[in-house]
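# Summary of structural features
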Amino acid sequence: MSQPKTIVEKIWDQHVVHEEEGKPNLLYIDLHLIHEVTSPQAFEGLRMSGRKVRRPDRTFATMDHNVPTIHRNVIKDAVSKKQMETLEANCEEFGVRLADINHPDQGIVHVIGPELGLTQPGKTIVCGDSHTSTHGAFGALAFGIGTSEVEHVLATQSLWQSRPKTLQIKVDGLLGTGVTAKDLILAIIGKYGVRFGTGYVIEYTGEAVRNLSMEERMTVCNMSIEAGARAGLISPDATTVDYLKGKRYVPEGEAFDEVAEEWLALASDEGAEYDQTLSIHADEIEPQVTWGTNPAQCVPVGGRVPDPKEADNDRDGIERAIEYMGLEPNQSIESIPVEHVFIGSCTNSRLSDLRKAAEIVRGGRVHEGVRALVVPGSKSVKDAAEAEGLDTIFITAGFEWREAGCSMCLAMNDDIVPPGERCASTSNRNFEGRQGNGARTHLVSPEMAAAAALEGHFVDVRKYAITVGG
Amino acid sequence: MEPIKQHKGLVYPLDRENVDTDQIIPKQFLKRIERQGFGQFLFYNWRFYDDGTPREDFSLNDSKYDGASILVGGENFGCGSSREHAPWAIQDYGFRVVIAPSFADIFYNNCFKNGILPIQLPKTVVDQLMEKASKEKYEVEVDLERQVIFDGSDIEVFFDIQSYHKEMLLNGWDEIAVTLTYEDKIDQYEKQNKGVKTLGIS
Ligand code: SF4
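Residues numbered from 1 in each chain as written. Chains lettered and ligands numbered in written order. Predicted model: local features only at pLDDT ≥ 70, side-chain atom pairs only at ≥ 80, totals over all residues. Heavy atoms only, no water.

For clarity, the cut-off: UniProt positions are given in the numbering used here, feature names are shortened, and annotations may be inferred rather than shown by experiment.
Per an unreviewed UniProt entry, chain B carries the name 3-isopropylmalate dehydratase small subunit and comes from Halobacillus dabanensis. According to UniProt, the comment filed for chain B under the heading Function (unreviewed entry) is "Catalyzes the isomerization between 2-isopropylmalate and 3-isopropylmalate, via the formation of 2-isopropylmaleate." The Subunit (unreviewed entry) comment attached to chain B in UniProt states, word for word, "Heterodimer of LeuC and LeuD."

As annotated in an unreviewed UniProt entry, chain A carries the name 3-isopropylmalate dehydratase large subunit and is attributed to Halobacillus dabanensis. In its Subunit (unreviewed entry) section, UniProt records this for chain A: "Heterodimer of LeuC and LeuD."

Shown next, in the form of structure tokens:
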């Protein structure tokens, strides 16, 4: 038998267009996803040099970052409006398919790709967006690029890329009840930090990963970039194939069986070698809450805000984070009150996320003084949730039920956390000012966010005697 | 793109780790559809109060650093969002070189497309540069051809850079034009369809 290979090596070898000593490889790109924020200058570049989009049939655009999630067609901000109109005009001019604001396929780019079956195992996928790593959940090699690279892919359907190093993260054991995929990835980043993945593609392996649903896998791969890795992926298996069956852009019947076989063959071979391997035990993971201003600054919900005086390194950074967050050293996490709750974003806005949050919310009431928002990841997630009555559960409890978009994950539209106020958020970045200038973000799972909404502060979701997670 | 061969300039030290692109250019400025004019918004939330007046507690507002063109940062510089608005803002403000002990991958790549030279140096050297620049007006010179950076007194260090990136900056290449010389290879690849049957969207 030939040398065992990792999935990354297999996908890479299949996509090298040109190889030459002293240069990166010219890598073919199968799927290019586009949104309104990082594309206008790329299209403008094409126009200025008289170039065309090489493969409009491998390019797909949507609007997500700027879109209002209430009063859909009232875009007060003229600059946002201009950006959306620009995307529309560009897609029209260059023949690129667009799911615009009123289109049934509209949604966050990393939610709709998988939903439509555009995302498939073995594909190279890029988007001018760092959370493109999400698509790795399917065993695709998917990574974020800058706007110049967007222009490059539009013009050439390829990119100059150096072969990445591979990092295996092996997750043994199983996640406990009430412990979610979000807690898993936060715990990994909490343990190893925000830069251990730089220069690597992460492959998540192990029993706990195999047991995750596709939507949970997307949550994990989504946050690979928060560990510094441009891409994170999971070898395809029966779960992957089952999810994709019947999706719009996936073949049907015999052709599906054929392609499914090719997908499964991409999985990393037994004995394949990685440049590095790290491991973590799922059984030891508890529900996580971030206390600081980067995703590694997290602790289990039963824990406390750290004391900078006792820190081994980056004391200044920790001190600055605690100050920005308006917390005290050694303060217990459960004592932190929240004023806003945001359930949404490309990390946690899919149907299963909303279902799990609704389980916690059912029959309860949003705590006084808390403003709670649910923003489905796509129009189709919204429709599906409404079909099973999830909207009623949320609305009855006092949540706002919104239209699909990025919303309060980065607050480019009107969904903003005011300065100094605190938000329990299911998104992926707790950077300073991310949800609004001066806003304080705590990253949590949808279940933990829902529980915080009801109680007005963080609580251990495991005290709710129902089955969640797993 | 403007080529860069040698560059001599004033150093601005930003002694923070994990400076993310949300800080380099906050989201409220990402709505613009132009490529120019982002320098005024660089580090906006750190540099200005809500009413737009400069914060005296942020070092870039210190007149000592007026005209700085070499930015020295901490570990993992440029992490987070892929927004190329970050290097656009850095370049438009007047920086041509960014030095740090480590960079986030996407930011690092984006620099080369915009005529910015990112230089990775050992932390001990970066700390030295930081210290000197925080005390007084401090200039260093960068020679990309020889891959060295020196200050004319006690610092002279070699830095690593991929030859592809080096050539790109030295020549100020339009990368797309370079790639299009390989167009026949791309055509050929598409005909062979080496990969798993990756389907188009139509
Ligand atoms: S939901 Fe947030 S992280 Fe995801 S693509 Fe939108 S802005 Fe980016």
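So that's the structure; there's more coming.
## Side note on the overall build of chain B
Definition in use: Numbering goes from the N terminus for both helices and strands, where a helix is a DSSP run of H or I of at least four residues and a strand is a run of E of at least two. With a 1.4 Å probe rolled over the protein chains alone, any residue whose accessible area is under 20% of its type maximum counts as buried; one over 50% counts as exposed, and the rest are partly exposed. Contacts were defined at the residue level, with two residues in contact if any of their heavy atoms lie within 4.5 Å. To be clear on the numbers: accessible area is Shrake-Rupley with a 1.4 Å probe, and residue cover counts the displayed protein chains and nothing else. The sign given to each residue is positive for Lys and Arg and negative for Asp and Glu; His and the chain ends receive no count. Think of each charge as sitting on NZ of Lys, CZ of Arg, CG of Asp or CD of Glu.
Looking only at helices and strands, one finds eight helices and seven strands in chain B. Taking the principal axes of its C-alpha atoms as reference, chain B extends roughly 60 × 45 × 25 Å. Buried positions account for 59% of the 202 residues belonging to chain B. Considering only contacts within chain B whose residues lie at least 6 apart along the sequence, 65% involve residues at least 24 apart. Surface accessibility of chain B: about 8,300 Å² in total, with carbon and sulfur atoms responsible for 45%. Looking at chain B, you have 23 positive and 34 negative side-chain charges, and the mean spots of the two groups are 3 Å apart.

## Focus on empty space enclosed by the protein
Note the following rule: Points on a 1 Å grid over protein atoms alone make up a cavity when a 1.4 Å probe fits among them but cannot get out, and a pocket when they form an open set with protein on both sides within 12 Å along at least five of seven lines; lining residues each have an atom within 4 Å of a point. Grid points are joined across faces, edges and corners, and a volume is the space filled by probe spheres set on the points. Three classes are used, and their members are as follows: Ala, Val, Leu, Ile, Met, Phe, Trp, Tyr, Cys and Pro are nonpolar, Asp, Glu, Lys and Arg are charged, and the others, Gly among them, are polar. Domains are outlined according to an automatic or database domain assignment.
Enumeration according to the criterion identifies six cavities of 30 Å³ or more in this entry. Roughly 320 Å³ of volume is contained in the largest cavity. Lining the largest cavity are 25 residues, and of these Thr-293 and Asn-294 of chain A together with Glu-17, Asn-18 and Asp-20 of chain B sit closest to its centre. Looking at the lining of the largest cavity, the element that brings in the most residues is helix 11 (residues 315-325) of chain A, giving four residues. Of the residues in the lining of the largest cavity, the class split is nine nonpolar, nine polar and seven charged. Both of domain 1 (7-278) and domain 2 (288-466) of chain A provide at least three residues apiece to the lining of the largest cavity. Together, 24 residues line the second largest cavity, and His-65, Asp-129, His-131, Leu-410 and Arg-434 of chain A are the ones closest to its centre. In terms of residue class, the lining of the second largest cavity is made up of eight nonpolar, eleven polar and five charged. When residues are assigned to domains, the lining of the second largest cavity turns out to be shared by domain 1 (7-278) and domain 2 (288-466) of chain A, each giving three or more.

## Let's talk about the nonpolar core
What counts is decided by this rule: By nonpolar core is meant a set of buried Ala, Val, Leu, Ile, Met, Phe, Trp, Tyr and Cys residues that side-chain atoms within 4.5 Å join together.
Grouped together as the largest cluster of nonpolar side chains are 121 residues, with contacts concentrated most on Phe-399 of chain A together with Phe-43, Phe-77, Ile-90, Ile-99 and Leu-117 of chain B. With seven residues, the single largest contributor to this core is helix 15 (residues 446-455) of chain A. Inspection of this core shows a minimum of three residues originating in each of domain 1 (7-278) and domain 2 (288-466) of chain A. Leave out the neighbours within four places in its chain, and Leu-117 of chain B touches Ile-4, Arg-96, Val-97, Val-98, Val-142, Leu-144, Phe-159, Ile-161 and Leu-169 of chain B. Formed by 45 residues, the second largest nonpolar core is a distinct cluster that contains Val-171, Leu-212, Phe-256 and Ile-285 of chain A.

## Things to note about the domain arrangement of chain A
Residue and element names in this part refer to chain A. We apply this condition: Take the accessible area each of two parts loses on contact, using a 1.4 Å probe, and add the two losses: that sum is the buried area. Here a salt bridge means any side-chain nitrogen of Lys or Arg lying within 4 Å of a carboxyl oxygen belonging to Asp or Glu. In protein, a polar contact requires one atom able to donate a hydrogen and another able to accept it; more generally it is a pair of N or O atoms within 3.5 Å, and residues adjacent in sequence count only if both atoms are side-chain atoms.
Each assigned domain of chain A is listed here: domain 1 (7-278) and domain 2 (288-466). Inter-centroid distance (C-alpha atoms) of domain 1 to domain 2 is 25 Å. Summed over both partners, the interface of domain 1 with domain 2 buries about 3,300 Å², with 56% contributed by carbon and sulfur atoms. On the domain 1 side of the interface with domain 2, the three residues burying the most area are Thr-69, Ile-108 and Lys-182, jointly 19% of the side's total. Between the two partners, domain 1 and domain 2, sit three salt bridges. Our count for the contact surface shared by domain 1 and domain 2 stands at 27 residue pairs in polar contact (both at pLDDT 80 or more).

## As for the packing of aromatic side chains
Residues and elements named next belong to chain A. Quick reminder of the rule: Pairing of aromatic rings covers Phe, Tyr and Trp, the last counted by its six-membered ring, and requires centre-to-centre distances within 6.5 Å; plane angles under 30 degrees mean stacked, over 60 mean edge-to-face, and any other angle means tilted.
Using the criterion set out here, one finds 25 aromatic pairs over all chains in the structure. Measuring from ring centre to ring centre gives 5.3 Å for Phe-43 and Phe-94, while their planes differ by 35°; the resulting arrangement is tilted. In this pair, Phe-43 is assigned in helix 2 (residues 40-48) and Phe-94 in helix 3 (residues 78-94), connecting sequence segments 51 residues apart. Classification of Phe-43 as buried rests on a relative accessible area of 0%.

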